[in-house]
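# Structure assessment
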Amino acid sequence: MQESSAPIPGGPATAPAVPAARPGDGGSPSPAESLERLAATVERLRAELARSDADAAGRSLVEMAAGVLVERLHCGPTEAAAHLAMLADQADLPVLEIAADLVNQAAGDRITAIAREFVTTSAGPAEPVALRLRRTEARALAAGDTAAAARSMLEHALRPLGAEAVAIWAAHPDQSLSLEGSAGFDEAEAHRWRHVPPGVPTPARRALAERGPVAYPSLAQASLPSIGQHQFEGGRIAVPAGIGGRLVGVLEICWTHALPEQPQPLQRQFEVLAQLCAATLETWSEHGTAGGGEPELDELRHLTDGVLDACLVLEVTPAGEEPRLGFTVRHVNPAFVDFAGRPTSAVLGARLLDTYPLAAEPGGLAEKIEHVFATGEPFRTPAMRLAATVDGVPLETSAQVSISRHGTRILVIWRLDDGTPRVARLLHHAQRLGRIGGFEENIHSREVVWSETLYELHGLPPTARTIPLDQLADHAHPDDRHAISRFLRTLLHHQRPASTAFRLLRPDGVTRHIRVVAEPVRDPAAGLIALRGAYQDISAQHWTEVALAATRDQLAHTEQQAAERSRLALQLQHAIMPPARGPFVLHDLRTAVRYRPAEKDHLVGGDWYDAFALPSGQVLLCVGDVAGHGIEAATGMVALRNALRGLAATGAGPGQLLTWLNSVTHHLTDSVTATAICGLYDPGTRRLRWARAGHLPPVLLRDGRACTLPQPGGILLGALDQADYEEEQIDLRPDDVLVMYTDGLIERRDESLQASLSGLLALSEQSRGARGDGAADIEAHLDHLLRYSAADTDDDTCLVGISISTGSIPTGRGDTGD
C-alpha cells in the first residue's frame, strides 16, 4: 500500500511524501517507517484543518460581500456571487480581496479607516491589512466561544505583528477579572489565571483604571503579575475593550522580545481587535461571578433565551448612597431590542436607571419593578410608556410589559412598537452624517454622558473620559476662550439656551471648528439640575465661508480697480473730447460735435473725433473707433488722434494719412485695432475728399433726402503691416449737411447693419423735414439723431456734423483741439 504525495491545494505547506514499502521487505514497514508515515498523516490532517478554517472564514467574508451586492444591485444571491467572481476576474485579484474591499466600502467602520490610514503612513500595500482584519473579524464573530475568538486573533492578526500570545479578560462589577479566552499559553497557566480577584495590579486592571491602552516594554521590568509572566517576559500591551463608553473587558497581547515600535496605524489595529473582543463579551461569562456558578441565573438565562420577546434579567445593585433600590441588568436574551436604538453591550451590565433614567418617573417602570420585587406580585399591562434619551433627544414608545420576580432577581419582558427602534436608528445615522453628537451633564453629580459620535469628533477612543463643559476652554484655541466663557455665563448664570463656535484642539494635533449648543434643564423644586446639548463639526462649512469671504474680498478689490480704471478712461475721454460743444465755424463750414458715453462705466470705449483747420487752408474732419473698452481703448484713442493731427500737417491726402496711421497703429501701439474715416475739405472749391479704414460711410442730407456716400476700399487700422486706402470725393452745395459717426449710433443686436443704416437715413430725413425752413441747424440735427437713435448695444457714440453756409462767411479758424 502506497501513500499519495500530491500537495494539498490551498494548504500552508505540502506534506512530505510517505515512502512506499520496498519490494523484498515482505510488505511490512519497519517501526521507523511506520512512525514517519504516521507523522506525515498528522501533518496532512493539520494542513487540511487549517485550510478548512481559512475556507470557512473566507466563505463568511465572501457571503458578506455577496450580501452587499444583493442590496446594491437588487439581485439574487446566485447573481451576486457570479457578479463578485466577474469583478475579481476583471481586476485580476483574488475573490477574497475583492470581497474585503466591498465590505470595507459598505461598512465605513474603523477597519476601513485603518486601511486608509495605513496607505497614507506607509509604503506597503494596505489591502492585506484590511483583508487580514476582515478575516479576523469574520472568524471572531463566527467563533463558538471567546477562546476560539482569541485563537483566531492570534493566528491571523497578531502573529504577523510578532505577538506570541493573547488573553481576553472579562471585567465584572466587583472589579474582578475572569479569563474568558486565551491563545499561546500553557493550559495549566490559563487555568491558574482563570480568575483575578479585585485589587490585583495586573496590566489589564491598569488599562481599565486608566480607561486607555497601557504598554510595557518589558513585563519583567514592570514587576506586574499577569498570565504568562514567566513564559513571555518581553513586551506587553493591554487595551480596554468597550462599546458606547462602557468597558466590558481587556485585550492583553504578549511578546517574547521587547515591545515593538507602535506607530499610529498599529495602535488603531489593536483598538479594532479590542472592539472585536467586546463583541464576544456582550454576555457575562457562563461562570457567573467570581464566587462560582449561579444556578438560578443560569436557569433564567436558558428560560429567557427561548422567548421571542425582549427580556431583561435584573439583579439588585449593592446598597449605596441611593435612597431607592437600584437594579443592574445581568442578562438580555437574543430577542432583546433597545427601543433607543443602542447596542446590547450598552445595556448589559449597566444600572437600569443609568440606561433608562426616565424610568424613574412616578408610576414608571422603576416603580413597578420595585413593587414586584417587594411584594412578589407579578405586574402586566398592555400599554406602558417607556422613555429614554438618545444623544440628548427624548424618545418614548408604548410597549406591552410583564414583570415577575424569580428568587432574588426580576424578569422584565416587553414587546415594543415596531417603529421605535427604527426611528432611533435613523436618528443615529442622521447624527453620524451631520457630524453631530449629543451630551448631557448632571450639575450635581458631575456625570457627563456622550453619544458615540462625540468620541470620534473629539479624537478620543470610546473608553476615554468625557469632557465637562467647564473644562471645554482647556481643549480650545486660546483665542476662543472668551467666547466659551460668555457661552457658559449665559448657560449657567442666566440659565438661558446658548451657543458658540470655537476651535477644538484634539489630542492627535488636528484642529476642528466646532459649534456647541446647549440648554439648561430645570426642575421646579431643585432648580438647575442638568445641561444638555450637542456638538457639531462645522469645519467644512467654516472653510467654505473663509473661501467665500476671500473670493468676495478679491471680487470687491477687482471691481474697485475696474471702476477706477473706467473713471480714469472717462476722464481722459472727456478731457480730450467734451460730450457736447457749441457750434464753431471753419471757413464756410458750420461744425458741431457730440459724444455720448456708454451708460455703464466699464463700457467706456475708444471712440474719437476731430475737426480743425490745417495750415494749407483745408479742414480735417475725422471720426474713429478703437476696438475694446476701458483704459486701454481710451489710451489707444489718444495715441491715434494725436498721431493723425501730426501727420495731417504734412499736407498729404486722406488715403496717405490713413496708410501712415495704419503703420503707427501696427507698430507703435500694443495690439490695437481701430476703424476710422478721414476727410479733407477745400473751402475754395467746396470739395470733400475722404478715405475710410473699415468705417461706416458718412450720411449726406441734401434737398430733404438722405443717402450714404460711396465707400472707398480700405481695411481697419492695425490689421496688417502695410495697407493702401482708396479715396473718394464729392462737391458739397450750400445747405448740405454731412454727418460722420461711430457704430454706437445705429448698431442693434436684432438687425443687420444694412437695416440699421436704412433706419438712420429715415431718421435723418425726419429731422430735416421737421423744421421746414431749410436752415441748416446742425446742432438740432445731431441732437435729434442721438435722441431717437434705435441702437441697443449701450456702446459709446461720436458724431461730427457739418453744414455748408449759404452766405459769405469770413474765413476763420477753429478746431476741437484742447
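Anything mentioned here points back to the structure above.
So, a few notes on the structure that sits alongside this text.

Thresholds, definitions, all that
Residues numbered from 1 in each chain as written. Predicted model: local features only at pLDDT ≥ 70, side-chain atom pairs only at ≥ 80, totals over all residues. Heavy atoms only, no water. Helix = DSSP H or I, 4+ residues; strand = E, 2+ residues; numbered from the N terminus. Contact = heavy atoms within 4.5 Å. Areas by Shrake-Rupley, 256 points an atom, 1.4 Å probe, with all protein chains shown as cover. Pairing = 2+ DSSP bridges. Axes fitted to C-alpha atoms, helices over the stretch in contact; angles between N-to-C directions. Buried < 20%, exposed > 50% of the residue type's maximum accessible area, 1.4 Å probe, protein only. Parallel < 35°, antiparallel > 145°, perpendicular 65-115°, else oblique. Left-handed = near helix turned anticlockwise from the far one by under 90°. Nonpolar A, V, L, I, M, F, W, Y, C, P; charged D, E, K, R; others polar. Core = buried A, V, L, I, M, F, W, Y, C linked by side-chain atoms within 4.5 Å.

### Let's talk about the overall build of the protein chain
Counting secondary structure elements, the protein chain contains 21 helices and 27 strands. Taking as baseline every contact in the protein chain between residues at least 6 positions apart, the subset at least 24 positions apart corresponds to 61%. If you sum the accessible surface of the protein chain, you get close to 39500 Å²; carbon and sulfur atoms cover 53% of it.

### Here's the deal with the sheet that holds strand β12 (residues 436-442)
Pairing is antiparallel across the open sheet formed by five strands, whose spatial order is β13-β12-β16-β15-β14. Each end of this open sheet is capped by a strand with a single partner; those strands are β13 (448-450) and β14 (498-505). Here the strands of the sheet are splayed against their neighbours by 25° on average, with no regard to which way each runs. Here helix α16 (residues 481-493) sits on the sheet in contact with β14, β15 (511-523) and β16 (527-537), set at roughly 145° to β14.

### So, the environment of G744
Within the element layout of this structure, G744 appears in the loop between β26 (737-741) and α20 (753-771). Sequence separation between G744 and D625 is 119 residues, and the spatial gap between their C-alpha atoms is 9.6 Å. If near-sequence neighbours (up to four positions away) are discounted, G744 is found in contact with R596, A791, D795, D796 and T797.

### As for the environment of L745
Position of L745 relative to the elements: it lies in the loop between β26 and α20. By relative accessible area, which is 3% here, L745 ends up buried. Spatially, the C-alpha atom of L745 lies 5.9 Å from that of A791, the residues being 46 residues apart in sequence. Beyond its immediate chain neighbours, meaning those up to four positions away, L745 contacts L760, L785, L786, S789, A791, T797 and L799.

### Here's the deal with the side chain of T659
Turning to its location among the elements, T659 is positioned in helix α19 (residues 654-668). T659 gets classed as buried once you look at its relative accessible area, which sits at 13%. Aside from chain neighbours lying at most four places away, what touches T659 is A723, D724 and Y725.

### What to know about the packing of helix α6 (residues 146-158) against helix α10 (residues 264-280)
At a closest axis distance of 10 Å, the pairing of α6 and α10 adopts a crossing angle of 165°. In terms of their interaxial angle, α6 and α10 are classed as roughly antiparallel. For the element pair α6 and α10, the recorded crossing hand is right-handed. On α10, the residues that touch T146, A149, M153, A157 and L158 of α6 are F270, L273, L276, C277 and T280. Tallied by class, the residues present in the contact of α6 with α10 amount to eight nonpolar, two polar and no charged.

### Side note on the nonpolar core
Core analysis: the biggest nonpolar cluster contains 29 residues, and W608, L620, V626, L644, L657, L658 and L661 have the highest contact counts within it. The leading source of residues in this core is helix α18 (residues 631-648), at eight residues. Apart from the residues lying within four places of it in its own chain, the contact partners of V626 are G606, W608, A633, G636, M637, L640, V672, T673 and A674. Ranked by size, the runner-up nonpolar core spans 28 residues in total, among them L352, Y356, A359 and V412.

### Some words on the pairing of β15
In terms of strand pairing, β14 meets β15 through eight bridges, oriented antiparallel. Counted as the bridge partner of S499 is V517 from β15. Linking two consecutive strands that pair antiparallel, namely β14 and β15, is a turn of five residues; a positive phi of about 90° is found at G509 within it. Pairing geometry for β15 and β16, over 10 bridges, is antiparallel. Within the sheet, the bridge partner assigned to V521 lies in β16 and is A530. Hairpin remark: β15 followed by β16, antiparallel, with three residues in the connecting loop.

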